[in-house]
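Here's the letter readout for the chains.
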Amino acid sequence: MNVLVCGGAGYIGSACTEYLLDHGHSVTVFDSLVTGYRDAVDERAEFVLGDLADREKVFEVMKNGKFDAIMHFAAASLVGESMVNPGKYFHNNVCNGLNLVDAAVEYGVLNIVFSSTAATFGEPDEMPIKETTTQCPINPYGESKLCFEKILHWYNKVHGLKYAALRYFNAAGATGKFGENHNPETHLIPIILQVAAGTREHIMIYGDDYDTPDGSCVRDYIHILDLAQAHMLALDAPESGHYNLGTGNGLSVKEIIEAAREVTGHPIPAIIEPRRAGDPAFLIADSTRARKVLGWEPKYENATAVIESAWKWRCENPNGYAK
Ligand code: UDP
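What counts and how
- Residues numbered from 1 in each chain as written.
- Predicted model: local features only at pLDDT ≥ 70, side-chain atom pairs only at ≥ 80, totals over all residues.
- Heavy atoms only, no water.
- Near = heavy atom within 4 Å.
- Polar contact = N/O pair within 3.5 Å; in protein donor to acceptor, adjacent residues only side chain to side chain.
- Areas by Shrake-Rupley, 256 points an atom, 1.4 Å probe, with all protein chains shown as cover.
- Helix = DSSP H or I, 4+ residues; strand = E, 2+ residues; numbered from the N terminus.
- Nonpolar A, V, L, I, M, F, W, Y, C, P; charged D, E, K, R; others polar.
- 1 Å grid on protein atoms, 1.4 Å probe; cavity = no way out; pocket = protein on both sides within 12 Å on 5 of 7 lines; lining within 4 Å.
- Points joined across faces, edges and corners; volume = space filled by probe spheres on them.
- Core = buried A, V, L, I, M, F, W, Y, C linked by side-chain atoms within 4.5 Å.
- Buried < 20%, exposed > 50% of the residue type's maximum accessible area, 1.4 Å probe, protein only.
- Contact = heavy atoms within 4.5 Å.
- Axes fitted to C-alpha atoms, helices over the stretch in contact; angles between N-to-C directions.
- Left-handed = near helix turned anticlockwise from the far one by under 90°.
- Pairing = 2+ DSSP bridges.

Neighbouring residues of the ligand: 16 residues in total, closest Leu-188, Met-204, Tyr-206, Arg-276 and Asp-279. Within the backbone of Leu-188, an N or O atom sits 2.8 Å from an oxygen atom of the ligand. A distance of 2.6 Å separates a nitrogen atom of the ligand from a polar backbone atom of Met-204. With the chains in place, 90% of the 520 Å² that the ligand exposes on its own is no longer accessible. Put simply, the parts of the chain that give the shell around the ligand at least two residues each are α6 (188-197) and β8 (203-206). The element contributing the most residues to the shell around the ligand is β8, with 4 residues. In terms of residue class, the shell around the ligand is built from 10 nonpolar, 3 polar and 3 charged.

This is the structure:
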């Protein structure tokens, strides 16, 4: 297929672009480079610099591209920031996304794979989380992604836009070429690896008084190559749907730190800090539907392998994408 990848210079978008190209698809990356990096765009992809806020530009790219499908990764994605600046999340993730789906409908590109998130569930009433679990976000980031899921539902009903909303749990790890490099970095695994690499003194554990086995938050860490596989399979999904993507294994912040100590051989000092606003205690996926309907077969079942891939990328790219 000829695929338009919005946000293909970001962490997950870059891995999916590489994966699509490795599997014989053509890719045009559309990215503002506000948080992404030009060097994170696979050299085999076409690159268009642009922002989804620029409706005219989005329509022009869609008109000229002759795309078969769209993958939409471009978004603001930090829970903590969304609790301070919710407007940024609704503008970026809802209003700007509308420009994309309006252009898709206008030019008949009626197949979209959307980056959604476990944050749409909030503090769910069942664990692991199924697609049918009630969605009640507890932060603006999750709410903005849920809004866009609903927009896709109505664009499907009214305009026949087929969609797959992929709800990632905690994306982690690196491919051979591309890895995680946010600035500033707020995510657990890359921050831990900064400590192991000596660029940060300690990791802060945000809360050890949650109602979890060791008191720290439990998450389901899923390798970006497994996410990439799900995106490619979702292009051929028979009908619109939602899929939760995780391993089904929950690991606490403390367990991740311990696994990183083993992988890196570094003591990784940790200190306990107050809870971070907007963090649920547990997020673990039930991904049965993705396995059954999409034929998804995640390859990375344990966190050590995920952290190893991230550590390898970090050692090979100590400054990330900075020249
Ligand atoms: N976390 C932490 N210290 C950090 C960064 C994150 O304790 O320096 C915790 C955070 O509170 C959450 C988990 O690690 O429980 C994963 O956070 P991350 O920001 O990586 O992903 P999120 O779950 O917010 O998408």
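The subject of this paragraph is the layout of surface pockets. Empty space among the atoms becomes apparent when a probe as large as a water molecule is rolled across them. Space inside the second largest pocket adds up to approximately 340 Å³. Forming the boundary of the second largest pocket are 25 residues, of which Glu-180, Asn-181, Gln-194, Arg-314 and Gly-320 lie nearest the centre. At the level of secondary structure, the elements contributing two or more residues to the lining of the second largest pocket comprise α6 and α10 (303-316). With 4 residues, the single largest contributor to the lining of the second largest pocket is α6. Of the residues assigned to the lining of the second largest pocket, the class counts are 12 nonpolar, 10 polar and 3 charged.

Moving on: the nonpolar core. Counting 35 residues, the largest nonpolar core has Val-5, Ile-12, Leu-20, Met-71, Leu-166, Tyr-243 and Leu-245 as its most contacted members. Those elements giving two or more residues to this core turn out to be β1 (2-6), α1 (11-22), β2 (26-31), β4 (69-72), β6 (162-168), α7 (224-235), β11 (241-245) and α9 (288-294). Apart from residues lying up to four places away in sequence, Tyr-243 is in contact with Glu-131, Ala-164, Ala-165, Leu-166, Arg-167, Ala-237, Arg-289, Ala-290, Val-293 and Leu-294. Membership of the second largest hydrophobic core comes to 26 residues, among which are Ile-205, Val-253, Val-263 and Ala-303.

On to the environment of Asn-170. Position of Asn-170 relative to the elements: it lies in strand β7 (residues 170-172). For the pair Asn-170 and Asp-220, spaced 50 residues apart in sequence, the C-alpha to C-alpha distance is 5.7 Å. In this structure, Asn-170 is in contact with Arg-219, Asp-220, Tyr-221 and Ile-222, ignoring residues within four places of it in sequence.

Turning next to the packing of helix α2 (residues 55-65) against helix α4 (residues 86-106). Remark: α2 packs on α4, axes separated minimally by 9 Å, with the N-to-C direction vectors making an angle of 35°. You can see that α2 and α4 cross each other, and the crossing is right-handed. Taken together, the residues of α4 that come into contact with α2 (itself represented by Arg-55, Val-58, Phe-59 and Met-62) are Leu-98, Asn-99, Leu-100, Asp-102, Ala-103, Ala-104 and Glu-106. Among the residues making up the contact of α2 with α4, the classes are represented as 7 nonpolar, 1 polar and 3 charged.

Once that is clear, we can look at the pairing of strand β5 (residues 111-117). For β5, the tally of buried residues reaches 7 of 7 residues, placing the bulk of the element in the interior. Residue alternation in β5 divides its side chains into two sets, Asn-111, Val-113, Ser-115 and Thr-117 and Ile-112, Phe-114 and Ser-116, and both sets are buried. Pairing geometry for β4 and β5, over 3 bridges, is parallel. When the sheet's bridge partners are listed, Ile-70 is paired in β5 with Ile-112. Looking at chain direction, β5 and β6 are connected through 7 bridges and run parallel.

A cis amide bond, omega 0°, links Met-127 with the succeeding residue Pro-128. By secondary structure assignment, the location of Pro-128 is in the loop between β5 and α5 (140-159). Between Asn-183 and Pro-184 the backbone carries a cis peptide bond, its omega angle lying at 0°. The residue Pro-184 is located in the loop between β7 and α6 in this model. Positive phi, close to 60°, is recorded for Leu-33, a residue that is not glycine.

So far we have only geometry, and geometry alone does not tell us how the molecule works.
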